[in-house]
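# Report on the structure
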Amino acid sequence: MTTPEGGHVTGTKDKNYNIIWYVESCLSNALRLETYIGDAERDGDDELAELFRKAQADSRKGAEQGKELLRKRLAD
């Protein structure tokens, strides 16, 4: 079990770091899904490509929501 880091070591509160991690994960997922979309398209699997496009859009949306929340919290 790890000890919570309240900003003493990193200078960033856990909750802000968690949002940053979330945004990065969403964006990384969107990039990875681009590869999967291409793979599905090359295989002629439009149904799978569409599933990955939807997941990619959801990841982008999550990243935008996370960035907006982080912006608001850092402005306070």
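Please read all numbers here as calculations on a predicted model, not as lab measurements. (Residues numbered from 1 in each chain as written. Predicted model: local features only at pLDDT ≥ 70, side-chain atom pairs only at ≥ 80, totals over all residues. Heavy atoms only, no water.)

### A few points about the packing of helix α1 (residues 14-42) against helix α2 (residues 46-75)
At a minimum axis separation of 8 Å, α1 and α2 run at an interaxial angle of 160 degrees. Between α1 and α2, the angle falls in the class roughly antiparallel. For the crossing formed where α1 meets α2, the hand is left-handed. Residues that form the contact of α1 with α2 fall into these classes: 19 nonpolar, 6 polar and 7 charged. (Axes fitted to C-alpha atoms, helices over the stretch in contact; angles between N-to-C directions. Helix = DSSP H or I, 4+ residues; strand = E, 2+ residues; numbered from the N terminus. Parallel < 35°, antiparallel > 145°, perpendicular 65-115°, else oblique. Left-handed = near helix turned anticlockwise from the far one by under 90°. Nonpolar A, V, L, I, M, F, W, Y, C, P; charged D, E, K, R; others polar.)

### Topic: the pattern of salt bridges
On inspection of all chains with the given rule, the structure shows 6 salt bridges. For E41, the salt bridge identified is with R53, shortest N-O distance 2.2 Å. Note that E41 is positioned in helix α1 and R53 in helix α2, a separation of 12 residues in sequence. Exposure remark for E41: the relative accessible area of 41% places this residue in the partly exposed category. The shortest N-O distance in the salt bridge between R53 and E50 comes to 3.4 Å. Residue R53 and its partner E50 are located together in helix α2, separated by 3 residues, close to a single helical turn. The class of E50 is partly exposed, set by a relative accessible area of 47%. Members of the salt-bridge network, linked through shared partners, are E41, E50 and R53. (Salt bridge = Lys/Arg side-chain N within 4 Å of Asp/Glu carboxyl O. Buried < 20%, exposed > 50% of the residue type's maximum accessible area, 1.4 Å probe, protein only.)

### Quick look at α2
Across its 30 residues, α2 extends 43 Å between first and last C-alpha, which sits within 8% of the 44 Å expected from 1.5 Å per residue. Listing the buried residues of α2 in full gives A49, F52, Q56, S59, G62, A63, G66 and L70. Structurally, α2 contributes buried residues whose contacts are with α1. (Expected span 1.5 Å × (residues − 1). Contact = heavy atoms within 4.5 Å.)

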